[in-house]
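Chain residues, written in single-letter form:
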Amino acid sequence: MKKVDIKSMTLPRLEAYCIQQGLPKFRAGQIFGWLHQKGAASFEEMSSLPAELRKRLSESCEIPSIAIRRKLVSKIDGTIKYLYEFADGQTVESVLMQYRHGYSLCISTQVGCRMGCRFCASTLLGLERSLTPAEMLGEVYMAGKDSGQKISSVVLMGIGEPLDNFENVMDFLEILSSPQGINLSLRHVSLSTCGLVDGIYRLMERKLQLTLSISLHAPNDEIRSRTMPVNNKYPMDELLSACRDYFRQTGRRISFEYALIEGVNDTPSCAQQLCRKLEGLSAHVNLIPVNPVKERNFQRSSRERVRQFQKILEQHHINATVRRELGSDINAACGQLRRDDKGGKSC
């Protein structure tokens, strides 16, 4: 009989499960606290539970494991890149970065990705499977435990498309922000999507206080369809209409990610087109010099091009910043460590 993944249960679901098993409702709170506050990796560690209950839980439930397969530490800025391995041997990456406000962790939501963005290393190996809430939480808990640092913010911008794993991601966020867990405010969480419009509307209905980040990376449909296949299903006007609806409904300003690729989307004309597309939309644009991927032929824009692009946006009263590059000596861009690891294995 397949065991129940108890770590992926939100507190209400865990309470319902305990009642179904003939247990007092308060046991759910105890178990939840052991899993999400004390970081118990086994039922035997849950010393406040009766020995008979611990044995019973170990026979019917599981606590999914996560292990650090590789760890790289930047000598430049202390950024830590983890390659995690799950029980089935699949791997994902997360990156721990230090900012003035504290430590921010970028996590993965899927093993691989099926979105097919042409400049991204994460999609090269395709989609293997989605992560469970427990596995995403494991990325957060393990990074905090290994580094000895408190994780003050979480970014869902690693391997995978969060809105392609919608229900699991929503459960992850509920557990992450639970007062009975680590109680991380969703105001300190950013969720990045390549533009799944149906997912944006589903997220809008939740009215969560997180930051929605759109991986835009182009000023028009021609360039975006060429570099991001998702645009063939959800063209820019449809995507930006959803963004306007999202802002009206939630009041939360949207962030747009824009990876600058030399000769593709970094010209003054592209900047002007982008300004027109974002007109009237309360937005922040995060400019990112694209990370070179050896399987692709895209090159990053020069510093002069980046500054010129930023200046044009600011002249049109669009808030624009250039992302601070961290972990450049350890290939901190998501997907590269997993790709290299997979490439070194025989199939």
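These remarks concern the structure in this document. Source: prediction; values computed, not measured.

## Comments concerning the overall build of the protein
Here's step 1: Of regular secondary structure, the protein possesses 11 helices and 14 strands.
Here's step 2: For a compact globule of 347 residues, the expected C-alpha radius of gyration is about 20 Å, and the protein comes in at 21 Å, within 12% of that figure.
Here's step 3: C-alpha extents for the protein along the principal axes are approximately 70 × 45 × 40 Å.
Here's step 4: Here the analysis covers contacts within the protein between residues at least 6 apart in sequence; of these, 67% occur between residues at least 24 apart.
Here's step 5: Accessible area for the protein stands at about 15,800 Å²; split by element, carbon and sulfur atoms hold 48% of it.

## Describing the nonpolar core
Generally speaking, soluble globular proteins have nonpolar side chains that are buried together.
Here's step 1: Judged by nonpolar contacts, the single largest core of 103 residues is most densely connected at I6, V154, F172 and F256.
Here's step 2: By residue number, the principal contributor to this core is helix α5 (residues 166-176), which donates seven residues.
Here's step 3: Excluding its chain neighbours within four sequence positions, the residues that come into contact with I6 are L14, I31, L35, F43, L57, C61, E62 and I63.
Here's step 4: Of all hydrophobic cores here, the second largest spans five residues; its members include V95, M97, C106 and V155.

## Remarks on helix α2 (residues 26-36)
Here's step 1: Burial within α2 is extensive, with eight of its 11 residues counted as buried.
Here's step 2: Looking at α2, one finds that the buried residues are R27, A28, I31, F32, G33, W34, L35 and H36.
Here's step 3: Residues of α2 that are buried make contact with α1 (11-20), α3 (51-60), α4 (133-147) and α5.

## Considering the sheet that holds strand β3 (residues 66-73)
Here's step 1: Taken in spatial order, the 10 strands of this open sheet run β3-β4-β5-β6-β9-β10-β11-β12-β13-β14, and their pairing is mixed. The open sheet terminates on both sides in strands that have one partner only, identified here as β3 and β14 (319-322). Recorded for the sheet is a direction-independent mean angle of 25° between the axes of neighbouring strands.
Here's step 2: Here strand β9 (residues 151-156) runs beside strand β10 (residues 189-193); their pairing, made up of three bridges, is parallel. Pairing of L156 across the sheet is with L191, part of β10.
Here's step 3: Sheet contacts for α4: β3, β4 (80-86), β5 (91-99), β6 (102-107) and β9; angle to β4, the most-contacted strand, approximately 130°.

## Let's talk about helix α10 (residues 303-315)
Here's step 1: For α10, which comprises 13 residues, the first-to-last C-alpha distance of 18 Å matches the rise-based estimate of 18 Å (1.5 Å per residue) to within 8%.
Here's step 2: For α10, the full list of buried residues reads V306, F309, Q310, I312 and L313. One side of α10 carries all its buried residues, which in axial view fall inside an arc of 160°. Of the exposed residues in α10, those oriented more than 90 degrees away from the buried face are R303, E304 and K311.
Here's step 3: In the core, the buried residues of α10 are packed alongside β12 (254-260), α9 (268-277), β13 (283-289) and β14.
Here's step 4: Positive backbone phi, approximately 60°, marks H317, located one or two places after α10.

## Some remarks on the packing of aromatic side chains
Here's step 1: Enumeration according to the criterion identifies two aromatic pairs in this entry.
Here's step 2: Their ring planes at 10° and their centres at 5.4 Å tell us that Y82 and Y84 sit as a pair that is stacked. With respect to class, Y82 is no different from Y84; both count as buried.
Here's step 3: For the ring pair Y258 and F309, a centre distance of 5.0 Å and an interplane angle of 35° mean the geometry is tilted. Taken together, the residues Y258 in strand β12 and F309 in helix α10 connect sequence positions 51 residues apart.

## Focus: the environment of G126
Here's step 1: Along the polypeptide, G126 turns up in the loop between β7 (110-112) and β8 (127-130).
Here's step 2: For the pair G126 and Q149, spaced 23 residues apart in sequence, the C-alpha separation works out to 33 Å.
Here's step 3: Non-local contacts of G126, meaning those with residues more than four positions away in its chain, are made with V111, G112 and C113.

## Observations regarding the pairing of β12
Here's step 1: With respect to burial, β12 is a largely interior element, seven of its seven residues being buried.
Here's step 2: Neither face of β12 is open: one carries I254, F256, Y258 and L260, the other S255, E257 and A259, and all of them are buried.
Here's step 3: Two strands pair when backbone bridges link them, and strand β11 (residues 211-215) and β12 are joined in this way by three bridges, in the parallel orientation. Directly across from S213, in β12, lies its bridge partner S255.
Here's step 4: Bridge analysis of β12 against β13 gives seven bridges, and the strand direction is parallel. When the sheet's bridge partners are listed, Y258 is paired in β13 with L287.
Here's step 5: Handedness of the β-α-β unit built from β12, α9 and β13 comes out right-handed.

The rules behind these values
Residues numbered from 1 in each chain as written. Predicted model: local features only at pLDDT ≥ 70, side-chain atom pairs only at ≥ 80, totals over all residues. Heavy atoms only, no water. Helix = DSSP H or I, 4+ residues; strand = E, 2+ residues; numbered from the N terminus. Rg over C-alpha atoms; globule rule 2.2 N^0.38 Å. Contact = heavy atoms within 4.5 Å. Areas by Shrake-Rupley, 256 points an atom, 1.4 Å probe, with all protein chains shown as cover. Core = buried A, V, L, I, M, F, W, Y, C linked by side-chain atoms within 4.5 Å. Buried < 20%, exposed > 50% of the residue type's maximum accessible area, 1.4 Å probe, protein only. Pairing = 2+ DSSP bridges. Axes fitted to C-alpha atoms, helices over the stretch in contact; angles between N-to-C directions. Expected span 1.5 Å × (residues − 1). Arc of directions from axis to C-beta. Phe/Tyr/Trp six-rings, centres within 6.5 Å; stacked < 30°, edge-to-face > 60°. Right-handed = clockwise from strand over helix to strand, strands pointing away.

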